Amino acid sequence: MKRILIVDDERTILTALRYALEDLYEIDVADNAETAFEILEAHSVDLVLLDQRLGDVDGLDVIRSLHARKPEVMIIAMTAYGSIEASIKAMQSGAYHYVTKPLDIQSLTVMINKALEFRSGGAGGMGGAGMQGGSGGPEDSRMLIADSAAMRYVFDVIDRVKDLDINVLITGESGTGKELIARAIHERSNRAKHSFQALNCAAIPLNLLESELFGYEKGAFTGAHQKVKGKFELAHQGSIFLDEIGDLDLSLQAKLLRVIQEKKVTPLGSEKSIDVNFRLITATNRNLAESVRKGLFREDLFFRLNVVAIEVPPLRKRKEDIPLLCQHFLKLYSERFGKVVSGISATAIEALEAYDFPGNVRELQNIVERAVALSIDPIIQLADLPGDITGISVYKSSRELVPVYVGERLDEVERRLIEATLLYCEGNRRRTANLLGLSERHLYNKIKEFGLGEG
């Protein structure tokens, strides 16, 4: 039976909820935050039903603290203020969802079961699967593939905000898949039949960025030979994704803020505004709050963009996703290169899981692409991975796998070199021979000579 902790400073509510739910779940109750954390430390709790106001204590602070200490525990916030703003604040703080007082027990039970199903990786949590963020074909690399609790939470937030016309700010390191998340929001939303327009604010020179965003009339500047629609106009009824929004120049930040507020754009060279209906999604690998403090980003624009924030965890914090991602990329590049590469060895997976991936999922994708391209076996081996992952350096010559041992006999150095290379290649003699520049028969004879294996 699942264990639920109910936290509310009103004793009557605690008693009523315990009575209503105790036949379905194992129930603990607490009337203050301190007692709640004591229970969480003493017992394995699956879900916390938490009042958003605990006397003088802000329930949002409790949610943040609880989520930081026990990220695996699902949180449902109870609030007397049934508004989108309250829901957003609870979700941003770490809650799975929120319910409004007075509580409807049947609806509450449905919500609890949904949260518990998500925690266990059921259909609602996309456990062991992926969320489409591309064109939809099996060969598409633009998919969100994950099985970790951190990414299942991201998937769930996507599902909850997809049809709300509110701005979403996606944060995370480079290579984590922020554009994939933006596409997933659009393609699962009620705007999916309309255009998705993406623009990298850091990739376009400042003098061209304004025309890319807002469009221009014929003759607006030298080289403007015809009228061109900007991204906002092209995204009418659909979604616009502005990547690296933290790099946007302050002068353009003011113009962007006005477009967001008025839902109108004025192309360069025109005096007429155009009404636009768009869903705005932005992303950055910068700390925008810090940029605001430094005067590099407008505070009013930051608050406009940061209505719902989705933080994408780096790959080093969700290493349980690595095997699933590897299989996806293996299938993708095997089909692309016309090769039969169906798996990856356990030692290769261990090496990948021990690596920190500064380039995140994009780096893993490049590693698997390279491994499939160079592999001569149907299973990717440790030797197919780059040296900075395996910890084994391969120098200019494939014969230089181990350092020269000054003062040692030549035959001993040769024996140790062959032994080390066999270990590196996990006993694969063909691969060992290729690395050492030997024929397989020559290697076979050397193995017999040095007693490194059975003849």
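Everything here concerns the structure above.
Computed from a predicted structure; not experimentally measured.

(A) Local environment of the overall build of the chain. Summing up its helical and strand segments, the chain has 19 helices and 20 strands in all. Across the 455 residues that make up the chain, the buried fraction comes to 48%. Contacts spanning at least 24 positions in sequence make up 67% of the contacts within the chain whose residues lie at least 6 apart. Of the roughly 22400 Å² of accessible surface on the chain, 50% is carried by carbon and sulfur atoms.

(B) Structural detail: the sheet that holds strand 10 (residues 168-171). Spatial strand order, 11-14-17-10-18: 5 strands in an open sheet with parallel pairing. Every other strand in the sheet has two partners, leaving strand 11 (196-200) and strand 18 (308-311) as the edge strands with one partner each. The sheet shows a mean angle of 20° between the axes of neighbouring strands, direction not considered. Of the pairings in the sheet, the one linking strand 11 to strand 14 (residues 239-243) comprises 5 bridges and is parallel in character.

(C) Structural detail: the packing of aromatic side chains. Within the structure shown, the criterion is met by 7 aromatic pairs. Here the aromatic residues F214, F232 and F278 are joined through ring pairs into a cluster of three or more. Sitting above the plane of the F37 ring, R69 keeps its charged end 4.1 Å from the centroid. The ring of F278 carries K263 above its face, with NZ or CZ at 3.9 Å from the centroid.

(D) Here's a closer look at the pairing of strand 10. Inspection of the sheet shows strand 10 paired to strand 17 (residues 279-284) by 4 bridges, in the parallel sense. Within strand 17, the residue paired with I170 across the bridge is A283. As paired elements, strand 10 and strand 18 share 4 bridges and run parallel to each other. Directly across from T171, in strand 18, lies its bridge partner E311.

(E) Here's a closer look at the environment of L144. Here L144 lies in strand 9 (residues 143-146). Each C-alpha atom, one on L144 and one on T176, is 9.8 Å from the other, the two residues being 32 residues apart in sequence.

(F) Geometry of the environment of E22. Here E22 is to be found in the loop between helix 1 (11-21) and strand 2 (26-30). The exposure class assigned to E22 is partly exposed, which follows from its relative accessible area of 38%. Note: C-alpha distance between E22 and I4 (18 residues apart in sequence) is 9.4 Å.

(G) Summary view of the pattern of salt bridges. Taken as a whole and assessed by the stated rule, the structure comprises 24 salt bridges. Put simply, D159 and R188 hold a salt bridge, and the shortest N to O gap is 2.9 Å. On the criterion of sequence distance, the pair formed by D159 in helix 6 (residues 149-161) and R188 in the loop between helix 7 (178-187) and strand 11 is long-range, its members being 29 residues apart. On the basis of relative accessible area, R188 is assigned to the partly exposed category, the value being 31%. Ionic pairing is found between K227 and E217, a salt bridge with its closest N-O pair at 3.1 Å. On the criterion of sequence distance, the pair formed by K227 in the loop between strand 12 (215-216) and strand 13 (228-229) and E217 in the loop between strand 12 and strand 13 is long-range, its members being 10 residues apart. Note on E217: relative accessible area 21%, which makes it partly exposed. When salt bridges that share partners are traced, they join R3, E26 and D28 into one network.

(H) The side chain of S375, seen in detail. Turning to its location among the elements, S375 is positioned in the loop between helix 15 (360-374) and strand 20 (379-380). Within the local environment of S375, its side chain forms a polar contact with the backbone oxygen of D377, the two atoms lying 2.7 Å apart. When near neighbours in sequence (up to four residues on either side) are disregarded, S375 contacts K339, I380 and D384.

(I) Local environment of unusual backbone geometry. A positive phi angle, near 55°, is found at K263, a position not held by glycine. Among the structural elements, K263 can be located in the loop between helix 10 (250-262) and strand 15 (264-265). By relative accessible area, K263 is classed as partly exposed at 32%. Despite not being glycine, N360 shows a phi value in the positive range, around 60°. The topology assignment puts N360 in helix 15.

(J) Molecular detail of the sheet that holds strand 7 (residues 97-100). One open sheet holds the 5 strands; their spatial order is 2-1-3-6-7, and the pairing between them is parallel. The open sheet is flanked by strand 2 and strand 7, the only strands paired with a single partner. Direction aside, the axes of adjacent strands within the sheet are offset by 20° on average. Looking at chain direction, strand 1 (residues 3-7) and strand 2 are connected through 5 bridges and run parallel.

(K) Here's a closer look at helix 13 (residues 322-337). Over its 16 residues, helix 13 extends 22 Å from the first C-alpha to the last, a length consistent with the 22 Å expected when each residue adds 1.5 Å. Of the positions making up helix 13, those classed as buried are I322, L325, C326, H328, F329, L330, L332, Y333 and S334. One or two positions beyond helix 13, positive phi appears at G338, with a value near 65°.

(L) Quick look at the packing of helix 17 (residues 410-424) against helix 19 (residues 440-450). For the pair helix 17 and helix 19, the least separation of the axes is 11 Å and the interaxial angle reads 115°. Regarding the angle of helix 17 to helix 19, the classification is roughly perpendicular. With respect to the hand of their crossing, helix 17 and helix 19 are arranged in left-handed fashion. Residues D411, E414, R415, I418 and L422 of helix 17 pack against L443, K446, I447 and F450 of helix 19. Residues belonging to the contact of helix 17 with helix 19 are distributed by class as follows: 5 nonpolar, no polar and 4 charged.

Here is what the cut-offs are and how they apply
- Residues numbered from 1 in each chain as written.
- Predicted model: local features only at pLDDT ≥ 70, side-chain atom pairs only at ≥ 80, totals over all residues.
- Heavy atoms only, no water.
- Helix = DSSP H or I, 4+ residues; strand = E, 2+ residues; numbered from the N terminus.
- Buried < 20%, exposed > 50% of the residue type's maximum accessible area, 1.4 Å probe, protein only.
- Contact = heavy atoms within 4.5 Å.
- Areas by Shrake-Rupley, 256 points an atom, 1.4 Å probe, with all protein chains shown as cover.
- Pairing = 2+ DSSP bridges.
- Axes fitted to C-alpha atoms, helices over the stretch in contact; angles between N-to-C directions.
- Phe/Tyr/Trp six-rings, centres within 6.5 Å; stacked < 30°, edge-to-face > 60°.
- Lys NZ or Arg CZ within 6 Å of the ring centre and 35° of its normal.
- Salt bridge = Lys/Arg side-chain N within 4 Å of Asp/Glu carboxyl O.
- Polar contact = N/O pair within 3.5 Å; in protein donor to acceptor, adjacent residues only side chain to side chain.
- Expected span 1.5 Å × (residues − 1).
- Parallel < 35°, antiparallel > 145°, perpendicular 65-115°, else oblique.
- Left-handed = near helix turned anticlockwise from the far one by under 90°.
- Nonpolar A, V, L, I, M, F, W, Y, C, P; charged D, E, K, R; others polar.

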